[in-house]
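Next come the chains, spelled out residue by residue.
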Amino acid sequence: MRYYLTVSGSIIPGLEKYIVRKNETEDVFLISFDDKDMDDVVNVSDDLIFIDENKKYYRIEDKKVVPTDDKFKWSPKTWYKVFCRIYKKLHKEEGKVQNRLSHYNKTAVIRQGIDLGVYKSCSFVDKENRITYSFRFKRCRGNEKQPLVIFFCGAGSVGLDNFKPFFESIPMLGKLNKHNCNILIPQPLTSINYNKSYEDFNSKFDSYIASVNRLVSMLIDKENIDTNRIYAFGTSLGGCCTWRLVYNYPELCACAVPVVGRFDLKIENSPYTDFERIARLPMWVAHSSDDKMVGVEFDDFAVKKLKALGADVKYTRWDKYGHGMAGRFYHKEDWCRWMFSQSKK
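Calculation criteria
Residues numbered from 1 in each chain as written. Predicted model: local features only at pLDDT ≥ 70, side-chain atom pairs only at ≥ 80, totals over all residues. Heavy atoms only, no water. Helix = DSSP H or I, 4+ residues; strand = E, 2+ residues; numbered from the N terminus. Contact = heavy atoms within 4.5 Å. Core = buried A, V, L, I, M, F, W, Y, C linked by side-chain atoms within 4.5 Å. Buried < 20%, exposed > 50% of the residue type's maximum accessible area, 1.4 Å probe, protein only. Patch = residues over 30% accessible without salt bridge, like charges linked within 9 Å, V, L, I, M, F, W, Y side chains within 5 Å. Areas by Shrake-Rupley, 256 points an atom, 1.4 Å probe, with all protein chains shown as cover. Salt bridge = Lys/Arg side-chain N within 4 Å of Asp/Glu carboxyl O. Lys, Arg positive; Asp, Glu negative; His and termini not counted. Charge placed at Lys NZ, Arg CZ, Asp CG, Glu CD. Pairing = 2+ DSSP bridges. Axes fitted to C-alpha atoms, helices over the stretch in contact; angles between N-to-C directions. Phe/Tyr/Trp six-rings, centres within 6.5 Å; stacked < 30°, edge-to-face > 60°. Lys NZ or Arg CZ within 6 Å of the ring centre and 35° of its normal. Polar contact = N/O pair within 3.5 Å; in protein donor to acceptor, adjacent residues only side chain to side chain. Expected span 1.5 Å × (residues − 1). Bend = angle between axes of the 7 residues up to and from the residue.

Trainee: So what exactly am I meant to see when it comes to the overall build of the protein here?
Mentor: Within the protein one finds 10 helices and 14 strands. Counting contacts in the protein only where the partners sit at least 6 residues apart, residues at least 24 apart contribute 68% of the total.

Trainee: What should I look at first to understand the nonpolar core in this one?
Mentor: Looking at soluble globular proteins, one finds that nonpolar side chains tend to be buried together. Counting 48 residues, the largest nonpolar core has Ile150, Leu184, Tyr208, Trp243 and Met283 as its most contacted members. Looking at this core, the elements that each hand over two or more residues are strand 8 (131–138), strand 9 (146–152), helix 6 (198–222), strand 11 (225–235), helix 7 (237–248), strand 13 (283–288) and helix 8 (297–308). Among the elements that make up this core, the one with the highest residue count is helix 6 (nine residues). Those residues in contact with tryptophan 243 that lie beyond four places of it in its chain are Pro258, Gly261, Arg262, Phe263, Phe275, Ile278, Met283, Val285, Asp299, Ala302 and Leu306. Cys153, Ile183, Ala254 and Val260 belong to the second largest nonpolar core, which has 33 residues in total.

Trainee: What's the story with a positive patch on the surface in this structure? I'm lost.
Mentor: Side chains of Arg21, Lys77, Lys81 and Arg85 sit close together on the surface and give a patch of like positive charge. Per element, the largest residue contribution to the positive patch is three residues, and it comes from helix 2 (residues 76–106). Relative to the helices and strands, lysine 81 resides in helix 2.

Trainee: What should I look at first to understand the sheet that holds strand 11 in this one?
Mentor: In any sheet, the strands associate via hydrogen bonds between backbone groups, in a parallel or an antiparallel arrangement. Taken together, the eight strands give an open sheet; going across it, the order is 7-8-10-9-11-12-13-14, and neighbouring strands pair in mixed fashion. Each edge of the open sheet is held by one strand with a lone partner, namely strand 7 (120–126) and strand 14 (313–318). In this sheet, adjacent strand axes meet at a mean angle of 20° when their direction is disregarded. The strands touched by helix 8 within the sheet are strand 13 and strand 14, with strand 14 carrying the most contacts at an inclination of about 150°.

Trainee: Please explain the packing of aromatic side chains as it appears in this structure.
Mentor: Here the distance between the centres and the angle between the planes together describe a pair of aromatic rings. This model, assessed by the stated rule, comprises 28 aromatic pairs. Seen from their ring centres, tyrosine 3 and tyrosine 58 are 5.5 Å apart, and the 90° between their planes marks the pair as edge-to-face. One end of the pair, tyrosine 3, is in strand 1 (residues 2–8); the other, tyrosine 58, is in strand 5 (residues 56–61), and 55 residues separate them in sequence. For tyrosine 3, a relative accessible area of 7% puts it in the buried group. Members of the aromatic cluster, each reached through a chain of ring pairs, are Phe151, Phe233, Trp284, Phe329, Tyr330, Trp335 and Trp338. Positioned above the aromatic ring of tyrosine 272, the side-chain terminus of arginine 244 is 3.6 Å from the ring centre. One Lys or Arg, arginine 262, reaches over the ring of phenylalanine 298 and ends 5.2 Å from the middle of that ring.

Trainee: Can you help me understand unusual backbone geometry in this one?
Mentor: Outside of glycine, negative phi angles account for most residues, and trans bonds account for most peptide bonds. Phi at arginine 130 takes a positive value of approximately 55°, unusual for a residue other than glycine. Structurally, arginine 130 is set in the loop between strand 7 and strand 8. The phi dihedral of asparagine 162 falls on the positive side, at around 65°, and the residue is not glycine. Summarising the element assignment, asparagine 162 is placed in the loop between strand 9 and helix 4 (164–176). For asparagine 162, a relative accessible area of 3% puts it in the buried group.

Trainee: Mind showing me how you'd approach the environment of aspartate 34 here?
Mentor: Examined against the element boundaries, aspartate 34 turns out to sit in strand 3 (residues 28–34). Note: C-alpha distance between aspartate 34 and tyrosine 4 (30 residues apart in sequence) is 8.8 Å. With sequence-adjacent residues up to four places away left out, aspartate 34 is seen in contact with Met1, Arg2 and Tyr3. One polar contact links aspartate 34 to lysine 36, side chain to side chain, over a distance of 3.1 Å.

Trainee: Would you take a moment to explain the environment of phenylalanine 152 for this structure?
Mentor: Mapped onto the secondary structure, phenylalanine 152 falls in strand 9. Setting aside anything within four residues of it in sequence, one finds phenylalanine 152 in contact with Pro186, Tyr208, Val212, Ala232, Phe233, Gly234, Thr235, Gly238, Cys241, Thr242 and Leu245.

Trainee: Just to check I follow, could you spell out helix 4 for this structure?
Mentor: Residues separated by three or four positions in an α-helix point in the same direction, a consequence of the helix having 3.6 residues per turn. Helix length check: helix 4, at 13 residues, gives a terminal C-alpha distance of 18 Å against a target of 18 Å (1.5 Å per residue), a fit within 8%. At isoleucine 170, helix 4 is bent by approximately 60°, the largest bend along its length, and proline proline 171 sits one to four residues beyond. Residues Pro165, Phe166, Phe167, Ser169, Ile170, Met172, Leu173, Gly174 and Leu176 constitute the buried set of helix 4.

Trainee: What exactly am I supposed to notice about the pairing of strand 5 here?
Mentor: Of the strand pairs in this sheet, strand 4 (residues 49–52) and strand 5 are connected by three bridges, and their pairing is antiparallel. From the neighbouring strand, isoleucine 51 faces strand 5, where its bridge partner is tyrosine 57. Counting the residues that bridge the hairpin from strand 4 to strand 5 gives three residues, and of these lysine 55 lies at a positive phi of roughly 65°.

Below, the structure is given as structure tokens:
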């Protein structure tokens, strides 16, 4: 059987001899190999997904090839062409993002009194969780300990550019700027949001959340952070991150605001439904019944369970605006004042 793998950015060492095609900028490669070459491929990475001539998926897990039940949409040749187009578009978008940085410097950022320079661009290399990602951090003013606010961006802002999550947060930063606080804006990797199985998604998702928790611990050691007033909020994928952070680390935050998110990819048989873990945590959940991207049933289920446990949970549940209700929620509701009123004390 012949197999095909698409690699972007730079070729994985050990796979050079299997290259059958490159794009014009030589940063997207089509790899082709057969059964006799499988050992070479398996030994270079635990994070490869490839397809065979019949458009069937395979992935590598613990140095073993694990076939999946899914059928791929395109043939290997078509997939490579589509991937090249997507990759080229991403490069263009990255250039636009950098151009927009100048625009935001002169307009929206300054108009809302936001100093881009204080949101330091950083990268966190987490060897323990085997992940590296970008984040922005703004220190509080003065030498006294102040709250830490963690903002998780939506799926449209994933990547490594460290710009898109900041742009997404601008409407909320106008309100956050009225408070003297530390602000952390981590950027999820693209691979965290797009996976081929439920187990694969949760494994990478939990590793990312564990890494954010580890980053927060390191910031607590270095910065003036009031550990009784750590807050988390986020939109869409960021709402999912907010749910998972407080679920996996229920003692970390003083409150949480997950907006149009969900606690897991499924409700039945989900391992993340022990809501007693977070019953003591004040939460403000927001969702719309006509959300076609992230179903409201997840938040309905979670809020019902939390209320049955006597939890302090507010639920803003609208019937309009769909997935876009998040922007209106942040603009209309008094979530920021409520958030800063919370403390573990």
